[in-house]
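Fold and contact review
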Amino acid sequence: MSETLTLRRPDDWHLHLRDGAMLRAVLPETARHFARAIVMPNLVPPVVTGAQAAAYRDRILAALPEGMAFEPLMTLYLTEDTDPADVAAAHASGLVKAVKLYPAGATTNSASGVKTFENVRGVLEKMAEIGLPLCVHGEVVDSDVDIFDREAVFIDRVLDPVRRATPGLRVVMEHITTSDAVDYASAQGDDLGATITTHHLVINRNHILAGGIKPHYYCLPVAKRETHRLALRKAATSGSKRFFLGTDSAPHTDANKLLPCGCAGCFTATNTLSILAQVFEEDSALDRLEAFTSLNGPAFYGLPVNDETITLSKGAAVTYPSQIETEDGPVTVFDPLTELHWKVD
Ligand code: OTD
Ligand code: ZN
Ligand code: ZN
């Protein structure tokens, strides 16, 4: 008899869906397995206002194939010009579930992000007052800080001071990549959560750089050394409600990944659940997979868990496409460098 595993339907608490042809191509990959996702606002131009988020939500729902159910949870891109009243209205209407902080220049399409934190104080105070979470891309971009240290330095220089200055602000440390972030998150109270991607549980920096440069493993924050990957696995598989899945699945066409200055991002929507089941099984934590994919995230965001379930079964090697076709060209699916045996039925 084959082994099976039934979970409440998962949610993705950090996802890039893009727009236009790319949106149409990648949305089914997520909607097939996930009920909801926190949708990142780093379009060009970014989703800054409530009106822009409403229009983007409509475009996502219009791109959803017949017969598929999926709820996009919208976010606003925080700029130094963001209007606290617009944020509050977008939250009150139920449209917006988080505000996203990108330090200017930290990642793809982050040029409109925040340079001077004093300039967003009013928005952060309003968010603390109304209980709207701040999702944080936690990296400093100062040229004197080594790229592998950007996250740890951000915690000391920015995250902790901002949290101390804004009591009551709910914060999600997005896509954490270091044991420093795991340690910090573990020591905080229920007003802090941390998302972990699928790919950071699988790759370390050798996968990007050893034996030839591997653009499909290049993402931001960049994968760190093996000790950090192991700390992330321990956190994700611990069952601690502080940690939940945010895949950060970030599609780029192969043409854009393979440039001399290639785009950052791993596209994992297609095989994320098969990979996660394998990771949790390897770490003897299959009984804690549901907490990571389906329970801890809703608890942090104050949303109900999903009623539906999905079932995975273990068997022969799972087949999935190595690329997704889009009208703009192919997008390579993340290669976990091993056969996968858990399949979503
Ligand atoms: N990281 N790529 C992208 C975003 C993320 O920092 C992130 O959230 C992207 O392409 O939008 C990436 O590597
Ligand atoms: Zn980010
Ligand atoms: Zn992201």
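Residues numbered from 1 in each chain as written. Chains lettered and ligands numbered in written order. Predicted model: local features only at pLDDT ≥ 70, side-chain atom pairs only at ≥ 80, totals over all residues. Heavy atoms only, no water.

This part takes up the coordination of the zinc ion (ligand 3). Coordination sphere of the zinc ion (ligand 3), protein contribution only: His14 (NE2), His16 (NE2) and Asp248 (OD), at 1.9 to 2.0 Å. Geometry at the zinc ion (ligand 3) is tetrahedral, judged from its 4 donor atoms and the angles of 93 to 121 degrees they form at the metal. Written as a sequence motif, the donor residues of the zinc ion (ligand 3) are H-x1-H-x231-D. In this structure, the zinc ion (ligand 3) is positioned 4.1 Å from the zinc ion (ligand 2). Pair noted here: His16 is in the loop between strand 2 (11-15) and helix 1 (20-31) and Asp248 is in the loop between strand 9 (243-245) and helix 9 (254-257), with a separation of 232 residues, a long-range link. Classification of Asp248 as buried rests on a relative accessible area of 7%. (Donors = N, O, S within 2.8 Å, 3.2 Å for Na, K, Ca; no water. Tetrahedral: all angles 85-135°; square planar, octahedral: opposite > 155°, others 65-115°. Helix = DSSP H or I, 4+ residues; strand = E, 2+ residues; numbered from the N terminus. Buried < 20%, exposed > 50% of the residue type's maximum accessible area, 1.4 Å probe, protein only.)

With that settled, the discussion passes to the site of ligand 1. Of all residues adjacent to ligand 1, which total 15 residues, the nearest are Arg18, Asn42, Leu220, His252 and Ala264. Between ligand 1 and His14 there is a distance of 3.2 Å, counted from an oxygen atom to a side-chain nitrogen or oxygen. In the model, an oxygen atom of ligand 1 is placed 2.7 Å from a nitrogen or oxygen of the Leu220 main chain. About the coverage of ligand 1: the protein hides 100% of its 320 Å² of free accessible area. Class assignment of the residues belonging to the shell around ligand 1 gives a composition of 4 nonpolar, 9 polar and 2 charged. (Near = heavy atom within 4 Å. Polar contact = N/O pair within 3.5 Å; in protein donor to acceptor, adjacent residues only side chain to side chain. Areas by Shrake-Rupley, 256 points an atom, 1.4 Å probe, with all protein chains shown as cover. Nonpolar A, V, L, I, M, F, W, Y, C, P; charged D, E, K, R; others polar.)

Turning to the sheet that holds strand 5 (residues 96-101), a few remarks are in order. Taking strand neighbours across the sheet as the criterion, the 8 strands line up as 2-3-4-5-6-7-8-9 in an open arrangement whose pairing is parallel. Every interior strand has two partners, whereas the edge strands, strand 2 and strand 9, have only one. When strand polarity is set aside, the average angle formed by the axes of neighbouring strands in this sheet is 30 degrees. Strand direction decides the pairing type here: strand 4 (residues 71-77) and strand 5, joined by 4 bridges, are parallel. Considered in strand 5, the bridge of Thr75 is made with Ala98. Along the sheet, helix 2 (residues 50-63) makes contact with strand 3 (36-39), strand 4 and strand 5, crossing strand 4 at roughly 150 degrees. (Pairing = 2+ DSSP bridges. Axes fitted to C-alpha atoms, helices over the stretch in contact; angles between N-to-C directions. Contact = heavy atoms within 4.5 Å.)

Summed over all chains, the structure comprises 0 disulfides. Not engaged in a disulfide, the cysteine Cys263 finds its nearest cysteine sulfur in Cys261; these two sulfurs lie 7.7 Å apart. Just so you know, Cys266 is unpaired, no disulfide at all, and the nearest cysteine sulfur is the one on Cys219, 4.2 Å from it. (Disulfide = S-S within 2.5 Å.)

Across the 5 residues that make up strand 8 (residues 192-196), a large majority, 5, are buried. Going residue by residue along strand 8, you find Leu192, Ala194 and Ile196 tucked away on one face and Gly193 and Thr195 tucked away on the opposite face as well. Pairing of strand 7 (residues 171-173) with strand 8 involves 3 bridges; the strand directions are parallel. When the bridges of strand 8 are listed, Val171 appears paired with Leu192. Once you follow strand 7 into helix 6 (residues 179-186) and on to strand 8, the crossover reads as right-handed. Bridge count between strand 8 and strand 9: 3 bridges; the pairing is parallel. Within the sheet, the bridge partner assigned to Thr195 lies in strand 9 and is Phe244. (Right-handed = clockwise from strand over helix to strand, strands pointing away.)

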